[in-house]
Amino acid sequence: AQSVTQLGSHLSVSEGALVLLRCNYSSSVPPYLFWYVQYPNQGLQLLLKYTTGATLVKGINGFEAEFKKSETSFHLTKPSAHMSDAAEYFCAVSDANAGNQFYFGTGTSLTVIP
Amino acid sequence: EAGVAQSPRYKIIEKRQSVAFWCNPISGHATLYWYQQILGQGPKLLIQFQNNGVVDDSQLPKDRFSAERLKGVDSTLKIQPAKLEDSAVYLCASSVGTGWGNYGYTFGSGTRLTVV
């Protein structure tokens, strides 16, 4: 069975500081991994995804994530936080053996302090 | 390209009442998903359609929830009767098709349901 663990339900960083959101997954098959962002009262927006190939994936808004198979991790980073990054972030794994449905983590709420 | 359309955006009902949500996926997307997102949690899949057939409804509380996609395009999700614990955001998503991986996987803005 697939599952996702996001360490820390809340994270506060200062504007300009490094953002690191942690995600570990469990998957019985080679995973497709995703990071989504959700702004208040809005739907989920894809930040980036890993399917195959290069393990360092670059996404929108300056975010990137690295797939580390040995650590079963897919942590999300951004070198310098901006006020507009304040949102809820979800890590997800897709199960190709189950119709590509998504299994989401519980989310990390990011606060950016001016 | 138009996104996944959902309506209504918000709904407040009393417990034991009925409610229905509507989703129109991106044109040409064969696969449609309904997710439930309870406050403070990640979305959880309720049901997945491939065209007008159900692929997975193992997590759908079938005693009160039902969903259909009769013509293989838009879909409705119904709750009857609603309970307090059904308060959540109901997200619809669509993708090109399971044979295409997650190609084009897109979420709608959701319907926020409050049961009082």
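Okay, so let's go over this structure.

1. Details of the overall build of chain B
Stage number 1. Counting its regular elements, chain B contains 0 helices and 11 strands.
Stage number 2. Ordered by position from the N terminus, the helices and strands of chain B form the series β-β-β-β-β-β-β-β-β-β-β.
Stage number 3. Compactness check: chain B gives a C-alpha radius of gyration of 13 Å against a globular reference of 13 Å for 116 residues, within 12% of the reference.
Stage number 4. Each principal axis of the C-alpha distribution contributes one length, and for chain B these read about 40 × 25 × 25 Å.

2. Observations regarding the state of the cysteines
Stage number 1. Scanning the model with the defined rule gives 2 disulfides over all chains in all.
Stage number 2. Here Cys23 of chain A connects covalently by a disulfide to Cys91 of chain A, the sulfurs 1.9 Å from one another. Its S-S torsion of approximately -65° makes the covalent link between Cys23 of chain A and Cys91 of chain A left-handed. Highlighted residues: Cys23 of chain A in strand S3 (residues 19–26) and Cys91 of chain A in strand S9 (residues 87–95), separated in sequence by 68 residues. Side by side, Cys23 of chain A and Cys91 of chain A carry an identical accessibility label, which is buried.
Stage number 3. Disulfide pairing places Cys23 of chain B opposite Cys92 of chain B at an S-S distance of 1.9 Å. Looking down the S-S bond of the Cys23 of chain B and Cys92 of chain B bridge, the torsion is -70°, so its handedness is left-handed. In this pair, Cys23 of chain B sits in strand S3 (residues 19–24) while Cys92 of chain B sits in strand S9 (residues 88–95), placing the two residues 69 residues apart along the sequence.
Stage number 4. On the accessibility criterion, Cys92 of chain B (0% relative accessible area) is buried.

3. Considering the sheet that holds strand S8 (residues 75–79) of chain B
All names here are of chain B.
Stage number 1. Taken in spatial order, the 4 strands make up an open sheet running S1-S3-S8-S7, and their pairing is antiparallel. The sheet terminates laterally at strand S1 (5–7) and strand S7 (65–68), the two strands that pair on one side only. Each neighbouring strand pair of the sheet contributes to a mean axis angle of 15°, computed without reference to strand direction.
Stage number 2. Where S7 lies against S8, 4 bridges are found, and the strand directions are antiparallel. Its bridge partner lying in S8, Ala67 is registered against Leu77.

4. Quick notes on the interface of chain B and chain A
Stage number 1. In this complex, chain B contributes 22 residues to the contact, which on the side of chain A involves 18 residues.
Stage number 2. Summed over both partners, the interface of chain B with chain A buries about 1500 Å², with 48% contributed by carbon and sulfur atoms.
Stage number 3. For the pair chain B and chain A, the interface holds 0 salt bridges.
Stage number 4. One can count 2 residue pairs in polar contact (both at pLDDT 80 or more) joining chain B with chain A.
Stage number 5. Looking at the side of chain B that touches chain A, the elements that each hand over two or more residues are strand S4 (31–37) and strand S5 (44–50) of chain B.
Stage number 6. Ranked by residue count, the leading element in the side of chain B that touches chain A is S4 of chain B, at 3 residues.
Stage number 7. Partitioning the side of chain B that touches chain A into residue classes produces 8 nonpolar, 11 polar and 3 charged.

5. Observations concerning the sheet that holds S3 of chain A
Residues and elements named next belong to chain A.
Stage number 1. The strand order S1-S3-S8-S7-S6 describes an open sheet built from 5 strands, whose pairing is antiparallel. The strands lining the two open edges of the sheet, one partner per strand, are strand S1 (3–7) and strand S6 (56–58). Ignoring strand direction, the axes of neighbouring strands in this sheet form an average angle of 20°.

6. Considerations on the environment of Ile26 of chain B
Stage number 1. Summarising the element assignment, Ile26 of chain B is placed in the loop between S3 and S4.
Stage number 2. A sequence separation of 82 residues divides Ile26 of chain B from Gly108 of chain B, and the C-alpha atoms of the two residues are 9.7 Å apart.

Conventions used here
- Residues numbered from 1 in each chain as written.
- Chains lettered and ligands numbered in written order.
- Predicted model: local features only at pLDDT ≥ 70, side-chain atom pairs only at ≥ 80, totals over all residues.
- Heavy atoms only, no water.
- Helix = DSSP H or I, 4+ residues; strand = E, 2+ residues; numbered from the N terminus.
- Rg over C-alpha atoms; globule rule 2.2 N^0.38 Å.
- Disulfide = S-S within 2.5 Å.
- Buried < 20%, exposed > 50% of the residue type's maximum accessible area, 1.4 Å probe, protein only.
- Pairing = 2+ DSSP bridges.
- Axes fitted to C-alpha atoms, helices over the stretch in contact; angles between N-to-C directions.
- Contact = heavy atoms within 4.5 Å.
- Buried area = accessible area lost by both parts, 1.4 Å probe.
- Salt bridge = Lys/Arg side-chain N within 4 Å of Asp/Glu carboxyl O.
- Polar contact = N/O pair within 3.5 Å; in protein donor to acceptor, adjacent residues only side chain to side chain.
- Nonpolar A, V, L, I, M, F, W, Y, C, P; charged D, E, K, R; others polar.

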